[in-house]
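# Structural description and commentary
Listed below are the residues making up each chain.
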Amino acid sequence: METLLPDGGFMGELIRNHRWEDTVFGPLASWPQSLLTPLSVALSSKFPIIIFWGPQFGVLYNDAYAPTLGGRHPWALGKTGIEAWGEIWEIIHPLFEKVFRGQATWSDDQLSSVTRNGFLEESYMTWSFSPIRYEDGTVGGVFAPVTETTARVLGERRLKTLRELGSKSITAHTIEAACDTAMETFAQNCADVTFAIIYLLDKNRSVYVFQSCFGVKKGDAIAPLEAEIVNGIWPFEDASQPGQRCLEVDVSHFRNLPGGIWPEPSTKAVMVPLSIDHDSIGGIFIMGINPRRRIDEDYLTFIDLISSQTVNSISTAKSYQEEKKRAEALAEIDRAKTAFFSNVSHEFRTPLTLILGPLEDSLSDQVHPLSKAQRERQIIIHRNSLRLLKLVNTLLDFSRIEAGRARAYFEPVNLAPLTLELAEIFRPAMEKGNLKYTVEMEDVKQEVYVDRDMWEKIVFNLLSNALKYTTEGEVKISVKPQEKFAELIVQDTGIGIEEEELPKIFERFHRIDGANGRSHEGTGIGLALINELVKLHGGSIQVESEYSKGSRFRILIPLGSKHIPEHLLTNIIQSTKPVGALGTGYVEEALRWLGSPQEEYINRQQTMDDQKHDVFIDRLKDTILLVDDNADMRDYVFSILKNLWHVEVATNGIEALELIKSKGPPALILSDVMMPKMDGFQLIAALRQEKATKLIPVILLSARAGEEARIEGLSAGADDYLVKPFSAKELVARVNTHLELSRLRVELEHQVEERTKELIQVNKDLEVQITERNVAEIALRQSEQRYMTLARVSPVGIFYTDPQGKTSYLNERWHEITRYPVSDTKEQGWMTGIHVKDIKRIQQSWQKAVVDRQAFVGEYRYKRPDGMTVWTLGQALPDVDSQGKVRGFVGSVTDISERKRLEKEKVIALKSAEMEQRHRAQEANEHQRHLEHFIDMICHETRNPLNGIFNNVDLLKNGIAKRRILVESLRRTRWYDSLSHQIALDDEAIEAIDICARQQKIISDDVLNLSRLEAHQIILKKNVFSPKEVMMEAVKMFSAELKAKSIEIYTKFPSEDVFVMGDHPRLLQVVTNLLSNSIKFTSRSQTKKITLSMKVLSREDKFVTLEMSIKDSGVGMTPDEQKALFERFAQGSNKTYQEYGGSGLGLFICKGLVRLMDGQISLSSEKWQGTTFIFTIRCEAVDSNQKIDAKVGSGETGPSAKPIDFSKLKVLIVEDNLVNQKVLKRQLDSIGVESHIASNGLEAVQQFSKNKYDLVFMDVEMPVMDGLEATQTIRAQELANTSLGHTPIVGLSGNARQEHIDVARSVGMDDYVVKPYSKEAIYTTLSNYCKEKL
């Protein structure tokens, strides 16, 4: 029997020993050679093969096919086809009949629901059915190689679900919509998700609330509207335990459950906890399990990913809803504020009217004229009432605009003359401010429609601001016609605006802190109002400014009336006020900024000095310095004080200091708080730093009321704080009081000096000898008296000890802090009540301070008699006499309990934040790990077949090349034309396969690169190369495609080549990606031209910055298409994807790689004019004589570069994929290499122990024993038997991550080749590792 079926592994042995007499085959000796030959082939093959023989289709199979049978192996051996595969017999039997008619057939990814592991299992097979013929040519059986593709089919199906879930969830803006969107997506893949339910936790009621479902009915027993956490229909408590990945639940007791695409219902479900917003468990996702699949690791990974995606969608929707609520609340507040301003403005106008009316009558009354003094008072009232009315009108205008109730009547005007009249109103103010004032008006021939009142407000506000913030230089206003607009420009050379403030300049109530203008007054609403008024005109406003250089406001108003609603147009002049009527108020206010306070008040002071009553004659010696930027406020305060004291005035803190420096310190200073250049707080700080001014009393005047404002003023160093409005009597009383206090202070100092002189004289006269001891005792008593007074009023506890540290004094505050009475402190003094946990440490520190005569400081707790604990800070210093002798220690005890409480809360908050951050990081890492595992699986499953496609295409190309030579020899025959045409068609078909496969590889590489970029796992390698050569290498790669599409290539490189140290492959990846895009979008243009350029931007130290560009003449892009071009999954438009395809990842990856190379990438494009991609890289420059590590063509070491005799080599191929196995063997056979085959790691180890190989190509992922374990086993054999030497092992895998490569090298692999690989890579590997034999 062994001669009939030698070897054949386990199945060969089983077949030789089987009782065939009881089967449809009959005795083994009677089997025909036509069966034994294919059976021998099958048994020696490492590819899964099954043979169906005879009219009853008896079953024979090899070792590799056994896993496909699962639990039916070896029972199925010898059984009839219908017995072995009864579940799928209806599918495969018609195919067998076709084969028995002599026609080979096949099925790709055929669904095969089989019972091989104890349950009906969903699986997918790719079959190839070929006839096995008797010697007479009739068909006796079916030869069927089989590949199970279940993992790939399920992976693609689940990846599609994840992709659709991610794309659809973006549009969900509510939690309900997010849940419903997830259900709609799951419904499209009911094979893996047979039903689903989402519950969210209502923490207030401790119940789970139904949100959405599919596959079951809302409210049914399986999906109640609410569910208790404990003892509910679902085990929510178990599912929400910490660390729970998912909980498997038996649901077979529920009736009428769906089974997805299967007729039988689901019997299992999983419950997945949902952590909404990284909080504790906020919901549960329940999912029905495919009844025909086990819950394996791939299934669990899929469940993790869809639940994570669902959580992200719900969290995003929740955040969106919260943000929307916040926006609505802000909008409601905004509306309420607008309504408030509108109502308040109306309420202000009534009393203002009743104030202004009688005032104007009084001022204009010629019959009963006012006295001069009364007239001056009423003029101030009238002027400030107008100012208040202007503010009220501005607020009212703004509230009307925001409420959409602004009344505007647009009439045609000649804009230049109108604006000229308005501008000239400001000329007196500009000239008084010593500014050059330029007015340029060009006639705007086409009519401009404006609302006159609104236009006046626009012009006056801009001119008023320009004057206010320009203290020297020029203000310029101009009107010019543009193509479709009338242009108004107001430009100044003032203080300018800082760049970070420009975006906020038109926000209402926004004011720039520290802006030094002529006045600090203002509401921050002027520019916001201008912006809204310009918008009402259909125009726009722009500002350009440079800090300390000036500002330029530019307004564009559309010409004509097409942009204005018809009902707002009029040809009748609506405004009855004269042109510039509003300007009076603006100009008057501006003129008040420009007054010369010193000259004005000196003249008035001189006239008043002679009129002062004798009762105030003593006060003439006192000078009051009044500092305020508001002219009317200066007038008012001056008028109150002028009859009582001599008054000097200044408009800001800087003027006040200069006045003090020139005229000497005043007796008292009255200062406003808010002023330009230097405010009141800054003035006080400057005064307190100088000895001559540090004791001057300062009273602050401010409109800011309230306890906080008063405390802030007094804390800044003010002696008093007076809130506006104030009465004249109160002001005089406070000034008089502080002057009297100051005078008393001076008198007391004088009396002390005089009394001291008298005592000295008396002592001399009496010749009283006072010893030094007497003087010291007097000084000591005085010092003690001062100390006791200070201790009584101190806010901290104070104690005094003798030189030995015994307490002799405790103030009242110490007793208040500790709550211990005097009677309890006799023994321990200030240490009475110190906490038992602190007393030893404090005693040691105190004793050391006493012995060493040094300072003491420590934090400790007192335990009060009532049991409460208070934290304190204790400090003490030695009290030293004039001879340096320590008289005792003076100490303080400060209550720091509040600080300690805040510190504890801060520590708790920091720990909580740290734990939250750690939790989020762990979740992110876990999610990233699952995602990487899933991507690796997909990439590996994709790259394996791609490797077979690429290398088979290469073999086909070689075969066609040989056929073409053969056909050329038949040129003169009648078969030549048809054969040549057929070869051309075959060549075209092979090229199409190659292009499609390469596109698939690009997408696979893009997905992997995206994963690496987002995980920050790309590490740049360093080698020496020429960037110019890299660009030329990319051109060479696309040379065939460029030629086929008739695209011309041009290059612009520096005359001298540049060599750098960097990552050559990554730079090549960027260039090829960009060049591929250019070819794609240029191929359909009339002009087909691509230019590659490179230039040196800069050199610094040992680094060089290069700029590289790829310019094409393709279809180009609109600005909208360019906006998100460098984002992930982004393309110019949907049309771009439909016409040109692509994953939308290429440019995103290019951007990431360029950034890693310390560069930037950008583009310029115009529709139908082509596109230019420009990117920079910064690399270490190297000398051109240095060895080049990577140059174009360095990989060409196969037969095409130099003939090498590989026939001396013996290579072991370890590969479980039959296609890749055969391709690699054919490639090695073609160059004369002797190659052996092993289908898994175990076979490789067995063959390695029997044969000596020059090199091993080892696949990494294989059944039975994988490549990593096999490599470790081989290396262990070599270590145990040194005579074996070291055989190079090169890993082959579709996993391209660096961590996979590192693992492979760590177990002993010498190199690692990523699938799909080229034959050149294989030849290069042979050349590198087998040099000695070659």
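The structure under discussion appears in the preceding block.
To start, this report covers the structure provided alongside it. All residue numbers refer to positions counted from 1 along the written sequence of the respective chain. pLDDT decides what is reported in this predicted model: residues at 70 or higher carry local features, side-chain atom pairs at 80 or more are listed and counted, and totals for whole chains, interfaces and linings draw on all residues regardless. Each side-chain value is derived from all of the structure's non-hydrogen atoms; neither hydrogens nor water enter the calculation.

## Side note on the overall build of the protein
Each helix is a run of DSSP H or I of at least 4 residues and each strand a run of E of at least 2, with the numbering of both proceeding from the N terminus. A tally of regular secondary structure across the protein gives 37 helices and 40 strands. Burial classes: relative accessible area under 20% of the type maximum marks a residue as buried, over 50% as exposed, and values in between as partly exposed (1.4 Å probe, protein chains only). Counting the 1334 residues in the protein, one finds 45% classified as buried. Contacts are assigned to residue pairs with any non-hydrogen atoms lying within 4.5 Å of each other. Contacts spanning at least 24 positions in sequence make up 65% of the contacts within the protein whose residues lie at least 6 apart. Calculation of accessible area relied on Shrake-Rupley with a 1.4 Å probe; when residues are assessed, cover is drawn exclusively from the protein chains displayed. Roughly 69,800 Å² of accessible area belongs to the protein as shown, and the carbon and sulfur atoms make up 53% of that amount.

## Points about the side chain of Thr149
With respect to the helices, strands and loops of the structure, Thr149 is situated in the loop between strand E5 (139-148) and helix H6 (150-169). On the basis of relative accessibility, which here comes to 10%, the residue Thr149 falls in the buried class.

## Details of unusual backbone geometry
Cis rather than trans, the peptide bond between His73 and Pro74 has omega equal to 5°. Structurally, Pro74 is set in the loop between helix H3 (66-69) and helix H4 (81-84). Cis peptide bonds are those with omega within 30 degrees of zero, and the linkage from Lys1315 to Pro1316 qualifies with -5°. Here Pro1316 lies in the loop between strand E40 (1311-1314) and helix H37 (1319-1329). In this structure, Phe57 takes a positive phi of about 55° despite not being glycine.

## Quick word on the environment of Leu559
In this structure, Leu559 sits in the loop between strand E18 (550-558) and helix H15 (583-593). A residue is classified by how much of its surface remains accessible, and Leu559, at 16% relative accessible area, is buried. On a C-alpha basis, the gap between Leu559 and Gly538 in space is 9.9 Å, while along the polypeptide they are 21 residues apart. Once residues lying within four places of it in the same chain are set aside, the contact partners of Leu559 are Val444, Gln446, Glu447, Val448, Gln482, Glu483, Lys484, Phe485 and Ala486.

## Comments concerning the sheet that holds strand E2 (residues 58-61)
Pairing between strands requires that DSSP locate at least two bridges from one strand to the other. Spatially, the five strands line up as an open sheet ordered E2-E1-E5-E4-E3, and their pairing is antiparallel. Both edges of this open sheet fall to E2 and strand E3 (105-115), since each of them pairs with a single strand only. Strand-to-strand twist of the sheet, defined as the mean angle between neighbouring strand axes without regard to direction, takes the value 30°. As paired strands, strand E1 (residues 49-53) and E5 are joined by five bridges and run antiparallel to one another. The partner of Ile50 across the bridge, within E5, is Ala144. Every angle, taken between N-to-C directions, lies between 0 and 180 degrees, and every axis is a line fitted to C-alpha atoms, over only the stretch in contact when it is a helix. In the packing of helix H2 (residues 33-44) onto the sheet, contacts are made with E1, E2, strand E4 (120-133) and E5, and the angle to E1 comes to roughly 165°. Running at roughly 135° to E4, H6 makes contact with E3, E4 and E5 of the sheet.

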